[in-house]
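Residue strings, one per chain:
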Amino acid sequence: QVELVESGGGLVQAGGSLRLSCAASVMMFSIRMMGWYRQAPGKQRELVARVTSTGNTDYADSVKGRFTISRENARKMVYLQMNSLQPEDTAVYYCNYGGDPYASWGQGTQVTVSS
């Protein structure tokens, strides 16, 4: 049994910021690479950012320098700080393991960036 619950999305003006949170009730969280993904309307789900068990990070080129992924292993939490948001960032954002195999996908949290 696993559960991924994303929160923190909302409507924001271009240039604004949001912080997404993921409560990850997954097995062996502390040794898992975790990631944030997003799916925009009409597009496939894509990896946005990953963080290793020890806190090393990697980002998609489209968000590098603007987004920051982090984790708190003791709380089984993953965060995505999103700055300088652009309309192109509009999507449903999901957290999951950082690679295949994945846990069951949660409902995600909607991020809408208006121009």
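Residues numbered from 1 in each chain as written. Predicted model: local features only at pLDDT ≥ 70, side-chain atom pairs only at ≥ 80, totals over all residues. Heavy atoms only, no water.

Notes on the state of the cysteines
At step 1: One pass over the structure, following the stated rule, counts one disulfide.
At step 2: The partner cysteine of C22 in its disulfide is C95, sulfur to sulfur 1.8 Å. Between C22 and C95 the disulfide shows an S-S torsion of about 60°. By sign, it is right-handed. Residue C22 is found in strand β3 (residues 18-25), and its partner C95 is found in strand β9 (residues 91-97); the two are separated by 73 residues along the sequence. Note on accessibility: C22 and C95 belong to one class, buried. (Disulfide = S-S within 2.5 Å. Helix = DSSP H or I, 4+ residues; strand = E, 2+ residues; numbered from the N terminus. Buried < 20%, exposed > 50% of the residue type's maximum accessible area, 1.4 Å probe, protein only.)

Quick notes on the side chain of R71
At step 1: Among the structural elements, R71 can be located in strand β7 (residues 67-72).
At step 2: Reaching out from R71, the side chain makes a polar contact with the backbone oxygen of F29 at a distance of 2.8 Å.
At step 3: A distance of 2.9 Å separates the side chain of R71 from the backbone oxygen of T52, its partner in a polar contact.
At step 4: Contact partners of R71, with chain neighbours within four places excluded, come to F29, S30, R32, M33, M34, V51, T52, S53, M77 and V78. (Polar contact = N/O pair within 3.5 Å; in protein donor to acceptor, adjacent residues only side chain to side chain. Contact = heavy atoms within 4.5 Å.)

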